[in-house]
Amino acid sequence: MKPLYFDYASTTPVDTRVIDKMKDCLSLDGNFGNPGSRSHAFGWQAEELVEEARFNVSNLLNCDPREIIWTSGATESDNLAIKGAANFYKEKGKHIITSKIEHKAVLDTCRQLESEGFEITYLDPDENGSISIKALQDNIRKDTTLVSLMHINNEIGVINDIEKIGDLCRENGVIFHVDAAQSAGKINIDLSSLKVDLMSFSAHKIYGPKGIGALYVRRRPRIRLQPLFHGGGQERGIRAGTLPTHQIVGMGEAFKIAMNEMVDDHEKISSHRDTLWKGLNGMEEIYVNGSVETGYPGIFNLSFNYVEGESLIMALKNIAVSSGSACTSASLEPSYVLRALGRPDELAHSSIRFSFGRFTTEDEVNSTVELVKDSVSQLREISPLWEMYQDGVDLDKIEWA
Amino acid sequence: MAYSQKVIDKFEKTLKNPEEASVGRWKPGDKDFHRVGTGIVGAPACGDVMKLQIKCENVDNKNVIVDAKFKTYGCGSAIASSGQLIDMLKGKTIEEAQQISNQEIVDILELPAIKIHCSVLAEEAIHRAIDDFKSRRNND
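Criteria and cut-off values
Residues numbered from 1 in each chain as written. Chains lettered and ligands numbered in written order. Predicted model: local features only at pLDDT ≥ 70, side-chain atom pairs only at ≥ 80, totals over all residues. Helix = DSSP H or I, 4+ residues; strand = E, 2+ residues; numbered from the N terminus. Rg over C-alpha atoms; globule rule 2.2 N^0.38 Å. Buried ≥ 20, exposed ≤ 12 C-beta atoms within 10 Å, placed from the backbone. Contact = placed C-beta atoms within 7 Å. Arc of directions from axis to C-beta. Expected span 1.5 Å × (residues − 1). Nonpolar A, V, L, I, M, F, W, Y, C, P; charged D, E, K, R; others polar. Pairing = 2+ DSSP bridges. Axes fitted to C-alpha atoms, helices over the stretch in contact; angles between N-to-C directions. Parallel < 35°, antiparallel > 145°, perpendicular 65-115°, else oblique. Left-handed = near helix turned anticlockwise from the far one by under 90°. pLDDT = per-residue confidence, 0-100.

Some thoughts on the overall build of chain A
No. 1: Broken down by element type, chain A carries twelve helices and 13 strands.
No. 2: Its C-alpha radius of gyration of 22 Å places chain A within 12% of the 21 Å reference for a compact globule of 401 residues.
No. 3: Principal-axis analysis of the C-alpha atoms gives chain A an extent of 80 × 55 × 35 Å.
No. 4: Every one of the 401 residues in chain A was classed for burial, and the buried ones make up 51%.

What follows is the structure, encoded as structure tokens:
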């Protein structure tokens, strides 16, 4: 039996409507031409499709199509935005602000810049995971050139107030980059009113193909970037490399579908999260990481105290979820996101992320509720920590070997 | 996680039928509790806690482990390693049990390299339980 899929925040299946469009861009009969070929119809037709896709992406975000640069995915977009802006504006200053709970694509990029002589401030989130305007304000300096913060956090679903953060950045003349890999097509983004200068997108988080993404680069006021790739001058010299027509068309179609179906998707996803939470809420010693009230409902992170996350994933073998447990990571460190929220390590080890999407069904959620309840109680039955908790032992007072 | 079928089987059997897999405990007040040694190793913050108990009887002037129970908080391989250790203990003298090395558990369960610490934890647990048993006998 194929496991039930509850890991949409990791990746999504490609919508069949997207696949149909992509298939037309590969073979001799289709639009296989190089969009950069200016001398024949194969190139012109491919270019037309690329521009249609660019329009579809910009339309969802309410920006100018000329502000969309194709990349290989959100990781490249984050790299291009952060390194590109940091290096272009380094005469002005070498201070960058980000947070401790950003995606690794942002954090590791910042670490790299640190090694090149930039100074990075890593803000602590509040206990719910959002970045306070005050904390940001207190850390903006004269030499700050860039703020990079995510829109929806990939582990806990917390939504940053990018409207207020953008206003603050603009007042201070600081470039604002937002990683929107988890939010584009899920919640409303209006770049005509937001004071966001750079925004990263991914196709595969929103039922498009892997290997394609985009970076929004504001035209007014104009943001300039030092490119990462050099070559044939594509994407106005900001990102060289032959444009992958089929990937781009796939992303465009996925964003177009999202534009039409975002409201319905969101309603369904909220109801799935509510069903799951209603089913599990009565259990002893479970904790929500993030917020039921204000978080994005498609990402729901729970800690089942006294049960280790990897063992729970193993027990839930018919459900595909992910965990902040150290045992599921190559580094053997528990989730840095949950630790930054001030969660004790044991709760990070016990965390499971359920993420829902367009194809999740109510039946799947209901069976998940039952499976989770059964598995947690089975694992607690064999947990010495649960036994101590039941005996009234204070685990914090024990000296662990 | 690329676990061997052996780890998965052991884990699933333990979950499905904990009593048969020797999950449980002896507590103060139980008959024969003075013949039980307890070892607790690991820490919640590290994601692994193993509690092992051995019950010994004197056979021909030797302390023989006649029964053992465990409870484990940890990843699948930590739970499987504890169960495997239990299987290896029963019927052994404490001197023999002392000789059990983590490598035996690694070999039997085909643990991946990144999970070897689970078997080390099991080896530490038996040492602790034996020490605890011995210190209790000295106090008799």
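Picking up after the structure, the text goes on.
Some remarks on the overall build of chain B
No. 1: Along its length, chain B carries five helices and three strands.
No. 2: The order of α-helices and β-strands along chain B, N terminus first, is α-β-β-β-α-α-α-α.
No. 3: Relative to the compact-globule value of 14 Å for 140 residues, chain B shows a C-alpha radius of gyration of 15 Å, a close match.
No. 4: With the principal axes as the frame, chain B shows a C-alpha extent of 45 × 30 × 30 Å.
No. 5: Scored against the burial criterion, the 140 residues of chain B give a buried share of 46%.
No. 6: Considering only residue pairs separated by 6 or more positions, chain B has 64% of its internal contacts joining residues 24 or more positions apart.

Quick look at helix α4 (residues 102–109) of chain B
Residue and element names in this part refer to chain B.
No. 1: When we look at burial in α4, the residues that qualify are Asn102, Ile105, Val106 and Leu109. When α4 is viewed along its axis, its buried side chains cluster within an angular range of 100 degrees and face the same direction.
No. 2: Two residues or fewer after α4 comes Glu110, characterised by a positive phi angle close to 55 degrees.

Points about the environment of Thr242 of chain A
Residue and element names in this part refer to chain A.
No. 1: Along the chain, Thr242 falls in the loop between β8 (213–217) and α7 (245–280).
No. 2: For Thr242, a count of 12 C-beta atoms within 10 Å translates into the label exposed.
No. 3: Measuring from C-alpha to C-alpha, the distance between Thr242 and Leu149 comes to 30 Å, with 93 residues separating the pair along the chain.
No. 4: Apart from the residues lying within four places of it in its own chain, the contact partners of Thr242 are Asn34 and Gly36.

Quick word on helix α1 (residues 5–16) of chain B
No. 1: When the terminal C-alpha atoms of α1 of chain B are compared, their 16 Å separation across twelve residues agrees well with the 16 Å that a helix rising 1.5 Å per residue should span.
No. 2: Considered for burial, the residues of α1 of chain B that qualify are Val7, Lys10, Phe11, Thr14 and Leu15 of chain B. Each buried residue of α1 of chain B sits inside an arc of 130 degrees when the element is viewed along its axis, so together they form one side. Along α1 of chain B, the residues that are exposed and aim more than 90 degrees away from the buried face are Gln5 and Lys16 of chain B.
No. 3: Buried positions along α1 of chain B lie against α8 (309–315) and α11 (362–381) of chain A together with α2 (76–89) and α4 of chain B.

Here's the deal with the interface of chain A and chain B
No. 1: Counting residues at the interface gives 23 residues for chain A, matched by 22 residues for chain B.
No. 2: Only α8, α10 (345–349), α11 and α12 (384–390) of chain A provide two or more residues apiece to the side of chain A that touches chain B.
No. 3: Looking at the side of chain A that touches chain B, the element that brings in the most residues is α8 of chain A, giving four residues.
No. 4: In the side of chain A that touches chain B, the residues fall into twelve nonpolar, five polar and six charged.

Some points on the environment of Gln247 of chain A
Residues and elements named next belong to chain A.
No. 1: Here Gln247 is to be found in helix α7.
No. 2: The exposure class assigned to Gln247 is buried, which follows from the 22 C-beta atoms found within 10 Å.
No. 3: Sequence separation between Gln247 and Asn56 is 191 residues, and the spatial gap between their C-alpha atoms is 14 Å.
No. 4: Those residues within four positions of Gln247 in sequence are excluded, and the remaining contacts are Pro209, Gly211 and Ile212.

Regarding the sheet that holds strand β3 (residues 62–73) of chain B
Residue and element names in this part refer to chain B.
No. 1: The three strands are arranged β1-β2-β3 in an open sheet whose pairing can be described as antiparallel. A single partner strand is all that each edge strand has here, and the edge strands are β1 (36–43) and β3. Averaged over all pairs of adjacent strands, the angle between strand axes in this sheet comes to 15 degrees, irrespective of strand direction.
No. 2: As defined by bridge partners, strand β2 (residues 48–59) adjoins β3 across eleven bridges and the pair is classed as antiparallel. The residue of β3 that forms the bridge with Val59 is Lys62.
No. 3: The strands touched by α2 within the sheet are β2 and β3, with β3 carrying the most contacts at an inclination of about 165 degrees.

Here we look at the environment of Asn139 of chain A
Residues and elements named next belong to chain A.
No. 1: Checked against the element boundaries, Asn139 lands in helix α5 (residues 133–139).
No. 2: Using a count of 14 C-beta atoms within 10 Å as the deciding quantity, one classes Asn139 as partly exposed.
No. 3: In this view, Asn139 contacts Ile97, Thr121 and Leu123; residues no more than four positions away in its chain are not counted.

What to know about the sheet that holds strand β13 (residues 351–355) of chain A
All names here are of chain A.
No. 1: Spatially, β9-β10-β13-β12 is the arrangement adopted by the four strands of the open sheet, whose pairing is antiparallel. Because the sheet does not close on itself, it has two edges, and the strands there are β9 (286–289) and β12 (322–323).
No. 2: Relative to β13, β12 runs antiparallel, the two being bridged by two bridges. Looking at β13, one finds that Ser323 is bridged to Ile352.

Let's talk about the packing of α7 of chain A against α11 of chain A
Residue and element names in this part refer to chain A.
No. 1: It is at 9 Å that the axes of α7 and α11 come closest, and there the two elements cross at 25 degrees. When the axis of α7 is compared with that of α11, the two are roughly parallel. Pair α7 / α11 crosses with right-handed handedness. Facing His272, Thr275, Leu276, Gly279 and Leu280 of α7, the residues of α11 in contact are Glu362, Val365, Asn366, Thr368, Val369, Val372 and Lys373.

Here we look at the pairing of β2 of chain B
No. 1: Of the strand pairs in this sheet, β1 of chain B and β2 of chain B are connected by eight bridges, and their pairing is antiparallel. Counted as the bridge partner of Gly39 of chain B is Leu52 of chain B from β2 of chain B.

Observations regarding the confidence of the model for chain B
Residues and elements named next belong to chain B.
No. 1: Of all residues in chain B, 97% attain a pLDDT of 70 or more, and the chain-wide mean is 93.
No. 2: Within chain B, helix α5 (residues 116–139) has the poorest average pLDDT of any element, 90, and β3 the best, 96.
No. 3: Two numbers describe this predicted complex: its pTM, 0.94, and its ipTM, 0.95.

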